[in-house]
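Here are the chains, one letter per residue:
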Amino acid sequence: MSSIIRWAAIAAGVVSLSGFVASKAQAAVSVFGDDHAQACYQAAKNGLNRQTDLDECNQAINFGLLREKDLAGTYVNRGAVYMNMQSWRQADADFHRALEMTPNFGEALVNLGAAQIGEHQDREGIDSINRGLALGSMEPEKAYFNRAIGYENLGDDSSAYKDYLKASELAPRWVAPRQELVRFTVHQQ
């Protein structure tokens, strides 16, 4: 059995990581629609957070004549842009709107969980991510990464470590999970 200890060294010494929040990872949803819907998707996919990106999403939602599934995906994408802006409540509202339209939308639940964790609702966020993972996520590594942040915020370092490790295994070229894993030391008992 092993225990996990988290740590971070800085030039001035070792500091506590309570309150540490890694950046959230959001998943974009590919949609079929007009140029505005595509621009919104690209903004979400590329982690953009400009007002012009929100304007593209708003145009797609308000005037895009999208099928319901694509409209739900565009709400998820706009929510991801809001998360990039750390506008957690707006993101939360968009993910809920997508879920009203498509209740078993794994990406909406995974992103909702990330927004909830951003709002320090860690337990709820973990639950949302768990439901999203169970339904299937196109980018499960991001779900595991965000769930790890939630676990870490709750002081469950062992679960956090396992989820950062899983995210790293699923996306070996993604640097963020590996950077988080460096902060942990595993002790055999």
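Residues numbered from 1 in each chain as written. Predicted model: local features only at pLDDT ≥ 70, side-chain atom pairs only at ≥ 80, totals over all residues. Heavy atoms only, no water.

> Is there a simple way to think about helix α7 (residues 140-153) in this case?
Residues that lie three or four places apart on an α-helix share one face, since the helix turns once every 3.6 residues. With 14 residues, α7 extends 20 Å from end C-alpha to end C-alpha; this agrees with the ideal 20 Å at 1.5 Å per step. In terms of residue burial, α7 counts as a mostly covered element, since 12 of its 14 residues are buried. E141, K142, A143, Y144, F145, N146, R147, A148, I149, G150, Y151 and E152 are the residues of α7 that are buried. Just downstream of α7, G155 is the residue with a positive phi angle, here 85 degrees. (Helix = DSSP H or I, 4+ residues; strand = E, 2+ residues; numbered from the N terminus. Expected span 1.5 Å × (residues − 1). Buried < 20%, exposed > 50% of the residue type's maximum accessible area, 1.4 Å probe, protein only.)

> Explain the side chain of S128 here, please?
In this structure, S128 sits in helix α6 (residues 122-135). Those residues in contact with S128 that sit more than four places away from it in its chain are L109, V110, L112, G113 and Q116. (Contact = heavy atoms within 4.5 Å.)

> So what exactly am I meant to see when it comes to the state of the cysteines here?
Per the counting criterion, the structure on display carries 1 disulfide. The side chain of C40 participates in a disulfide bridge whose partner is C57; the two sulfur atoms lie 2.1 Å from each other. The sign of the S-S torsion, about 95 degrees, decides the handedness of the disulfide formed by C40 and C57: right-handed. Taken together, the residues span a long stretch of sequence, with C40 in helix α1 (residues 35-45) and C57 in helix α2 (residues 51-63) at a distance of 17 residues. In this structure C40 comes out as buried when scored by relative accessible area, which is 0%. (Disulfide = S-S within 2.5 Å.)

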